[in-house]
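Fold and geometry: a report
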Amino acid sequence: MADQQPPKDVNDKSQHEQDMGRRNFLKNTGLVAGGLVGGSLFGGLISGGLNKTNEKNDKTAGNDSTNGIEITQARQFFTRHQDFKVLNAATELIFPEDDLGPGAIKLGVPYYIDKQLAGRWGVNARDYRHAPYAIDLKDVDQTAGPGGEQSILDRGMIFLQGLRKMDEESQKRFEVTFDKASEEQQIEIMTDFEANEVKMKGVKASEFFILLKQATLEGAYCDPLYGGNINMEGWKMKEFPGAVASYANYIESDEFAKLDPVSLRDYQGH
């Protein structure tokens, strides 16, 4: 599918140079500012602590199992093609493909985010949503988290505004859309979002950045049942066994057992 292709580097830089640029960006972001994602998760990813075999590296989202899942990949929330292209580029920048394994696009992260935004999560259903709303909260008022949860905007609105603002900034600064900007240009914009140097309405740019990064990592490591982590490639990179029902057959053994990951779908016959 055309909108699943990784963003092209207009400077024709080598893959190695692209990977190093992305890694420097990730290291400089501070990675996590709270929420579900721990610094150790990302740190472990970029530090090369993953012990994958060459055989695993050869397996990508293009195999037979993946093709079966791709049938279900259709946008439900994003009605504008350009919004989804920016989302593709942004998530791939946060979770790039390299010699360790597939990136966000091949893991289905953009479609995972699309599905979440199309559901109750996207409209903050059943969240406490009453005034007073605030963009900037005092430290004493941040006991429940940063200011994003106190925004008058729901998550779907924040994503749409944030992605369109990223695209707008790219066109204003570099006269190209975000998905066609060079990696350095994309990193510059993303860094400014994280540093809150870009003005958004109803929410801080840094809050959108945190939300985008959190959703990207969730899509990379969720159960494939939810639309991301295609073919469990994210789990394979972490050597995480997935939704194992019981370890009774292994717990008494003195030998180390290395298990192939299993998804919730394996229990449900899909």
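Higher on the page you've got the structure.
A brief look at the structure comes next.

Basis of the calculations
- Residues numbered from 1 in each chain as written.
- Predicted model: local features only at pLDDT ≥ 70, side-chain atom pairs only at ≥ 80, totals over all residues.
- Heavy atoms only, no water.
- Axes fitted to C-alpha atoms, helices over the stretch in contact; angles between N-to-C directions.
- Helix = DSSP H or I, 4+ residues; strand = E, 2+ residues; numbered from the N terminus.
- Parallel < 35°, antiparallel > 145°, perpendicular 65-115°, else oblique.
- Contact = heavy atoms within 4.5 Å.
- Nonpolar A, V, L, I, M, F, W, Y, C, P; charged D, E, K, R; others polar.
- Salt bridge = Lys/Arg side-chain N within 4 Å of Asp/Glu carboxyl O.
- Buried < 20%, exposed > 50% of the residue type's maximum accessible area, 1.4 Å probe, protein only.
- Core = buried A, V, L, I, M, F, W, Y, C linked by side-chain atoms within 4.5 Å.
- Expected span 1.5 Å × (residues − 1).
- Phe/Tyr/Trp six-rings, centres within 6.5 Å; stacked < 30°, edge-to-face > 60°.
- Patch = residues over 30% accessible without salt bridge, like charges linked within 9 Å, V, L, I, M, F, W, Y side chains within 5 Å.
- Areas by Shrake-Rupley, 256 points an atom, 1.4 Å probe, with all protein chains shown as cover.

**Things to note about the packing of helix α5 (residues 81-94) against helix α9 (residues 205-221)**
At a minimum axis separation of 10 Å, α5 and α9 run at an interaxial angle of 75°. Here α5 lies roughly perpendicular to α9, going by the angle between them. When α5 is examined against α9, the residues L87, A90, T91 and I94 are found in contact with a partner set consisting of L212, K213 and T216. Looking at side-chain class alone, the contact of α5 with α9 contains four nonpolar, two polar and one charged residues.

**Considerations on the pattern of salt bridges**
All chains considered together, the criterion is met by 12 salt bridges. A salt bridge links K106 to E97; the shortest N-O distance between them is 3.3 Å. A relative accessible area of 33% means that K106 is categorised as partly exposed. Residue class for E97 comes out partly exposed when judged on its relative accessible area of 24%. Of the charged contacts, one joins K165 and E168 as a salt bridge, the two residues approaching to 3.3 Å between their closest N and O atoms. Note that K165 and E168 are positioned in helix α7 (residues 155-174) at a spacing of three residues, about one turn of the helix. We classify K165 as buried; its relative accessible area is 18%. In this structure E168 comes out as partly exposed when scored by relative accessible area, which is 41%. When salt bridges that share partners are traced, they join E169, K172, R173, E188 and D192 into one network.

**Some thoughts on the nonpolar core**
By size, the foremost hydrophobic cluster in this structure holds 40 residues, and its most contacted members are F159, M166, M190, F193 and F208. Of all the elements in the fold, those that place two or more residues in this core are α5, α6 (109-118), α7, α8 (183-194) and α9. For this core, the element with the most residues is α9, which contributes nine residues. Not counting residues within four places of it along the chain, the set of residues in contact with F208 comprises I158, F159, G162, L163, M166, F193 and M200.

**A closer look at α8**
Since there are 3.6 residues in each turn of an α-helix, residues three or four apart along the chain are aligned in direction. Here α8 spans 16 Å end to end across 12 residues, near enough to the 16 Å set by a 1.5 Å rise per residue. Inspection of α8 places E183, Q186, I187, I189, M190, D192 and F193 among the buried residues, and these make up the whole buried set.

**What to know about the packing of aromatic side chains**
Tallying each qualifying case throughout the model produces seven aromatic pairs. The interplanar angle of 65° and the centroid separation of 5.9 Å between the aromatic rings of F193 and F208 together place this pair among those described as edge-to-face. Of the two residues, F193 is situated in helix α8 and F208 in helix α9; the sequence distance between them amounts to 15 residues. F208 matches F193 in its accessibility class, with the two residues each being buried. Three or more aromatic residues joined by ring pairs form one cluster here, namely F77, F78, F84 and Y111.

**Concerning α6**
The buried fraction of α6 amounts to eight of the 10 residues, a majority that puts the element mostly inside the structure. Where α6 is concerned, the buried positions are V109, P110, Y111, Y112, I113, D114, Q116 and L117. Tucked inside the fold, the buried residues of α6 contact α5, α7 and α9.

**Considerations on a nonpolar patch on the surface**
Together, Y247, Y250 and I251 make up a nonpolar patch on the protein surface, roughly 330 Å² of accessible area in all. Assignment of secondary structure puts Y247 in the loop between α10 (233-238) and α11 (264-268).

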